[in-house]
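Structure at a glance
The chain contents come next:
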Amino acid sequence: YLSASTGSLFKDIIILFAIVPQAFFQKMLLPTVSIFLVMVTLTLVHFSKSTQTDEVRFTDRPLPFKFITKFSTVFSIVMILMVFVRFYLGHAWLIIATFLSSLISSAAALASIGEAFKYNEIGETFMGAGILLALLGSITAKYGVILYHLGIRQSLKFLLPILYMVAIGSLTFYVTFF
């Protein structure tokens, strides 16, 4: 969970680098890198205490064609839905749609809100909040899978990274934008 969330966060930072102007990316470095460093630290602490050394494999091939096809389809659907939200529901719904779509694909959510920012449809503060909500949605989706498989009692310890992410993200967002 921690390593998957940390890897996903790193991927999202790379996506941000590709889609937002350099000046805004630099402005978002404090919130995103702070959250990333917290996740890296939690991951390293967890693995240093872990006694499990077995490799976990879900498939024999690293990227099966069926997975690529499903992911591409889901990614496209999320992107199309985000465009509909932008044009038909307005920007007030975009922030909510960003969080909800990041439960499925944080990359699609970031790309969609990044496009709105690129065309000056939303401002920096709105974009920054959207980025943090997309990152939160991504880790929340992973927690949802854990909650489903382990139940509420055993999954409570996995809430800590989400709480750290909210606390650090909110604090650094406030420092950056206000």
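Report follows, based on the coordinates. All residue numbers refer to positions counted from 1 along the written sequence of the respective chain. Per-residue local features are limited, in this predicted model, to residues with pLDDT of at least 70; the limit for side-chain atom pairs, both in listing and counting, is 80 or more; totals at the level of whole chains, interfaces and linings are taken over all residues. Where side-chain values are given, they derive from all heavy atoms of the structure, hydrogens and water being excluded.

Time to look at the overall build of the protein chain. Across its full length, the protein chain holds eight helices and zero strands. Scaling as 2.2 N^0.38, a compact globule of 178 residues should have a C-alpha radius of gyration of about 16 Å, and the protein chain matches this with 17 Å. Partly exposed residues are those whose accessible area sits between 20% and 50% of the maximum for their type, while under 20% is buried and over 50% is exposed, using a 1.4 Å probe and protein chains only. Counting all 178 residues of the protein chain, 39% fall into the buried class. Excluding contacts between residues fewer than 6 apart, the proportion of contacts in the protein chain whose partners are at least 24 apart in sequence is 76%. Labels follow the DSSP assignment, with helices taken as runs of H or I lasting at least four residues and strands as runs of E lasting at least two, numbered in each case from the N terminus. For this measure, only C-alpha atoms enter the radius of gyration; the expected value for a globule follows 2.2 Å times N^0.38, where N is the number of residues. Residues are treated as being in contact if the distance between any of their heavy atoms lies within 4.5 Å.

What follows concerns the pattern of salt bridges. Counted as salt bridges are all cases of a side-chain nitrogen of Lys or Arg within 4 Å of a carboxyl oxygen of Asp or Glu. All told, the structure shown has four salt bridges when counted by the stated rule. Lys 11 is the partner of Asp 12 in a salt bridge, and the nearest nitrogen-oxygen pair spans 3.2 Å. Here Asp 12 falls in the buried class, since its relative accessible area comes to 1%. Taking the shortest distance from any N to any O, the salt bridge between Lys 27 and Glu 124 comes out at 2.7 Å. Of the two residues, Lys 27 is situated in helix 2 (residues 22-27) and Glu 124 in helix 7 (residues 124-155); the sequence distance between them amounts to 97 residues. Given the relative accessible area of 34%, Glu 124 is considered partly exposed.

Take Ser 5: it is sitting in helix 1 (residues 2-19). Look at Ser 5 and you get buried, because its relative accessible area is 6%. Apart from residues lying up to four places away in sequence, Ser 5 is in contact with Met 39, Ile 139 and Lys 142.

So, about the packing of helix 4 (residues 65-89) against helix 5 (residues 91-102). Fitted lines through C-alpha atoms give the axes, limited to the stretch in contact for helices. The angle between two N-to-C directions lies from 0 to 180 degrees. Helix 5 packs onto helix 4 with a crossing angle of 165 degrees between their chain directions and a minimal axis gap of 8 Å. In terms of their interaxial angle, helix 4 and helix 5 are classed as roughly antiparallel. The chirality of how helix 4 crosses helix 5 is right-handed. Mapping the contact onto sequence places Val 78, Met 82, Val 85, Arg 86 and Leu 89 in helix 4 and His 91, Trp 93, Leu 94, Ala 97, Thr 98 and Ser 101 in helix 5. A class-by-class count of the residues in the contact of helix 4 with helix 5 yields seven nonpolar, three polar and one charged. By the definition adopted for this analysis, an angle is roughly parallel if under 35 degrees, roughly antiparallel if over 145, roughly perpendicular if from 65 to 115, and oblique otherwise. Note: crossing handedness is left-handed where the near helix turns anticlockwise from the far helix by less than a right angle, and right-handed where it turns clockwise. Residues are grouped as follows: Ala, Val, Leu, Ile, Met, Phe, Trp, Tyr, Cys and Pro are nonpolar; Asp, Glu, Lys and Arg are charged; every other residue, Gly included, is polar.

All right, on to the packing of aromatic side chains then. Within a pair of aromatic rings, the relevant descriptors are the distance that separates the centres and the angle that separates the planes. We call Phe, Tyr and Trp rings a pair once their centres come within 6.5 Å, taking the six-membered ring for Trp, and we label the pair stacked below 30 degrees between planes, edge-to-face above 60, and tilted otherwise. Scanning all chains against the criterion turns up nine aromatic pairs. Judged by centre distance (5.8 Å) and plane angle (35 degrees), the rings of Phe 10 and Phe 36 are tilted. One end of the pair, Phe 10, is in helix 1; the other, Phe 36, is in helix 3 (residues 29-49), with 26 residues separating them in the sequence. Looking at Phe 36, the relative accessible area reads 18%, which means it is buried.

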